[in-house]
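What the coordinates show
Residues per chain, in single letters:
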Amino acid sequence: PPKPETIRMSADAACVQAAGGNNKSDTVIVAADGSLANVFVYVKDAFDGYTFDVPTAPVVLNQKGCRYEPHVFGVRAGQPIEFLNSDATLHNVHAMPMNNPEFNKGEPTQGMRVRQTLMKPEIMVPIKCNIHGWMNAYAGVMAHPFFAVTGADGSFSLVGLPPGTYTVDAWHELYGTQSQQITVGGKETQTIAFTFSAK
C-alpha cells in the first residue's frame, strides 16, 4: 500500500490547531494486515416488490480537525444529512452530484448546522470544502438499506438481506469498483471478500 499523503494545513492556523498533528490524508487508510478502510459496499440490485422505511434521523457529517468525518458514508435517498461545523474556522459544504441538485452551503461559525436532503439514489456523491482544498468526502445515496462502509479492519456487514442472488459492489475512491455475486438463503450467513491492488 502507498504511504499516506501529508496534508499541508499551514494556510489556516485554526486547522493546524484543530487537527492536533493529524495531517495525513484519508484517501487510503490501510491497517498493518492490509485491511482497507472507507470502502463503500452495497447491493447493486433493485428490490422490486419490497418497501423500506426511510429513516427520519439525519446522518451527521462533521467538519472536525479540518476534515470531514466520516470520510465515506451511506445515506438513504430522502434521509436528511446534517452538516456540522465543529471547527473555529469557516467551512463550506459543496456537494457535486450528478442525479441530484448541486448545493454549496457556507458554515462560518463553530457549532453551526445545516441540513440537506438528496432525493435520488446515486453512487457516489463527492463533497468538498472550497476553502480547504484537502477536505473531501463521499456519500452513497441508496434506495434500500443494504450498504455499509468498511471499518479500520476492512470488515463490513449487510444485515437482513431477503433470500436471493445479488450483485455486491465495493467502491473505493482511488482503486475503483469491484463486483461479486452472492446467493443468500433464508436465515443464512455468507462471507464475501474483495481485494484491491495499489495502482
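Residues numbered from 1 in each chain as written. Predicted model: local features only at pLDDT ≥ 70, side-chain atom pairs only at ≥ 80, totals over all residues. Heavy atoms only, no water.

One face of the sheet, then the other: side chains in a regular strand alternate in exactly this way. In terms of residue burial, strand E4 (residues 72–76) counts as a mostly covered element, since five of its five residues are buried. Both faces of E4 are covered, namely the face carrying Val 72, Gly 74 and Arg 76 and the face carrying Phe 73 and Val 75. (Buried < 20%, exposed > 50% of the residue type's maximum accessible area, 1.4 Å probe, protein only. Helix = DSSP H or I, 4+ residues; strand = E, 2+ residues; numbered from the N terminus.)

Turning next to the side chain of Asp 87. With respect to the helices and strands, the residue Asp 87 is situated in the loop between strand E5 (80–85) and strand E6 (91–95). Here Asp 87 sits buried without a salt bridge, and the closest side chain of opposite charge, Lys 64, lies 8.1 Å off (N-O distance). Not counting chain neighbours up to four residues away, the residues in contact with Asp 87 comprise Ala 18, Gln 63, Lys 64, Gly 65, Cys 66 and Gln 110. (Lys, Arg positive; Asp, Glu negative; His and termini not counted. Salt bridge = Lys/Arg side-chain N within 4 Å of Asp/Glu carboxyl O. Contact = heavy atoms within 4.5 Å.)

Turning to the state of the cysteines, a few remarks are in order. A covalent bond between the sulfur atoms of two cysteines is referred to as a disulfide. Evaluation of the coordinates by the stated rule reveals one disulfide. Between the sulfur atoms of Cys 15 and its disulfide partner Cys 66 the distance amounts to 2.0 Å. Residues Cys 15 and Cys 66 are joined by a disulfide whose S-S torsion is about -75°; by sign, that bridge is left-handed. Placement of the pair is Cys 15 in helix H1 (residues 13–19) and Cys 66 in the loop between strand E2 (59–63) and strand E3 (68–69), with a sequence separation of 51 residues. Judged by relative accessible area, Cys 15 falls into the buried class, the value being 0%. Unpaired in terms of disulfides, Cys 129 finds its nearest cysteine sulfur in Cys 66, a separation of 7.8 Å. The exposure class assigned to Cys 129 is buried, which follows from its relative accessible area of 2%. (Disulfide = S-S within 2.5 Å.)

In this structure, Pro 70 follows Glu 69 across a cis peptide bond, with omega equal to 0°. Relative to the helices and strands, Pro 70 is located in the loop between E3 and E4. Omega for the bond connecting Ile 123 with Met 124 falls within 30 degrees of zero, at -15°, which places this linkage in the cis form. Looking at the secondary structure, you find Met 124 in strand E9 (residues 122–128). For Asn 38, which is not a glycine, the phi torsion comes out positive at approximately 65°. By the secondary structure assignment, Asn 38 is in the loop between H1 and strand E1 (40–43).

According to the stated counting rule, one finds four salt bridges in the structure shown. Note that Lys 44 is salt-bridged to Asp 169, the shortest N-O span being 3.8 Å. Residue Lys 44 is located in the loop between E1 and E2, and its partner Asp 169 is located in strand E12 (residues 164–172); the two are separated by 125 residues in the primary sequence. Taking the relative accessible area as the measure of exposure, Asp 169 reaches 3% and is therefore buried. Ionic contacts of the salt-bridge type, sharing partners, join the residues Glu 82, Arg 113 and Arg 115 into one network.

With respect to burial, E2 is a largely interior element, four of its five residues being buried. As judged from the five bridges shared by E2 and E5, these two strands associate in the parallel manner. Looking at the pairing, Val 59 lines up with Ile 81 of E5. Where E2 and E3 come together, two bridges link them in antiparallel fashion. By the bridge assignment, Gln 63 is partnered in E3 with Tyr 68. Hairpin connection between E2 and E3: a loop of four residues separates the two successive antiparallel strands, and Gly 65 in this loop has a positive phi of roughly 65°. (Pairing = 2+ DSSP bridges.)

This paragraph deals with the environment of Met 119. Within the element layout of this structure, Met 119 appears in the loop between strand E8 (113–117) and E9. Judged by its relative accessible area of 56%, Met 119 falls in the exposed class. On a C-alpha basis, the gap between Met 119 and Ala 31 in space is 35 Å, while along the polypeptide they are 88 residues apart. When neighbours within four sequence positions are excluded, Met 119 is seen to be in contact with Ala 77, Gly 78 and Asn 100.

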